[in-house]
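Each chain is listed here by its residues.
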Amino acid sequence: MTPEGKVVLIDPFISGNPTTPEAMKNLDALGQVDLILVTHGHGDHLGDTAAIAAKTGAKVAVHADMGSTLQALGIVPKESLIRFNKSGPITPVKGVTVIMVHAEHGSSIMHNDQVHPGGEPVGFIVELSDGETFYHAGDTGVFADMAFIGSYYQPEVAFLPIGGHFTMDPAHAAYATRELLQPDTVMPIHYGTNPMIKGTPEEFKAALGDWSGELVVLQPGDTRTF
Ligand code: NI
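A brief look at the structure comes next. Given the structure is predicted, the values throughout are model-derived calculations rather than measurements.

Okay, the coordination of the nickel ion next. Here the nickel ion is held by the protein donor atoms His40 (NE2), His42 (ND1), His105 (NE2) and Asp139 (OD), which lie 2.2 to 2.3 Å from it. For the nickel ion, the four donor atoms in the first shell make angles of 88 to 176° at the metal, a pattern classed as irregular. Within one chain, the residues serving as donors to the nickel ion are arranged as H-x1-H-x62-H-x33-D. Taken together, the positions of His105 in the loop between strand E6 (96-102) and strand E7 (108-111) and Asp139 in the loop between strand E10 (133-136) and helix H4 (146-153) put the pair 34 residues apart, joining distant regions of the chain. For His105, a relative accessible area of 23% corresponds to the partly exposed category.

Dropping the structure here:
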């Protein structure tokens, strides 16, 4: 929820996520949603995007090439899509500025047992009207331009994957936090939803060592206000 009362979701993998509390799997209970940002086409990120957009009228802002595939396959209708690309800031809803940034990963869309191109994988910088700036890295390995993201956008809060195997593991994410991004607060994401992504918040905390920022670990269903 933003200062203007807008609701933004990033990678809404809800009903198919084994860690979602049962009571929260009912998408009707989401209520108002104004904007959905999707970092890449993998099923554990695209998730319930189409269903939520259909229920709520939310705009779906994605990499332009992923948008083309979503439209061509009839997954998300053209009128719901905002197709954009890296760097150019957009303001898809009042008071919310979104910048698409690089990610080091893949992107494809599995639909009816066929694999389709999902554009490039990306992360997002989200700037709110009160000056709060978030960086959601999506699925990514560590990359040197995280230093650019840290110095140029100066995010207060960074959401970083720690699961390993497909993304950064706790050691990589700790390096990105300390040496490249230097946010005030870091929150680990993308772990514990399947047996391959083994990194844990405890390992991340240990890898961060004496880093002076704040580590926030949420359990599914928790909320946090910034
Ligand atoms: Ni992925």
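It is worth spelling out the packing of aromatic side chains at this point. With the rule as written, the count across this model stands at six aromatic pairs. An angle of 75° between the planes, with centres 5.7 Å apart, marks the rings of Phe134 and Phe226 as edge-to-face. Of this pair, Phe134 sits in strand E10 while Phe226 sits in the segment after strand E13 (214-215), and the two are 92 residues apart along the sequence. A relative accessible area of 14% places Phe134 in the buried class. The exposure class assigned to Phe226 is partly exposed, which follows from its relative accessible area of 35%. With 4.9 Å between their ring centres and 80° between their planes, Tyr152 and Tyr153 make a pair best called edge-to-face. Look at Tyr152 and you get exposed, because its relative accessible area is 59%. A residue is classified by how much of its surface remains accessible, and Tyr153, at 11% relative accessible area, is buried. Clustering of aromatic rings is evident, with ring pairs tying together Phe134, Phe159 and Phe226.

Cut-offs and rules
- Residues numbered from 1 in each chain as written.
- Predicted model: local features only at pLDDT ≥ 70, side-chain atom pairs only at ≥ 80, totals over all residues.
- Heavy atoms only, no water.
- Donors = N, O, S within 2.8 Å, 3.2 Å for Na, K, Ca; no water.
- Tetrahedral: all angles 85-135°; square planar, octahedral: opposite > 155°, others 65-115°.
- Helix = DSSP H or I, 4+ residues; strand = E, 2+ residues; numbered from the N terminus.
- Buried < 20%, exposed > 50% of the residue type's maximum accessible area, 1.4 Å probe, protein only.
- Phe/Tyr/Trp six-rings, centres within 6.5 Å; stacked < 30°, edge-to-face > 60°.

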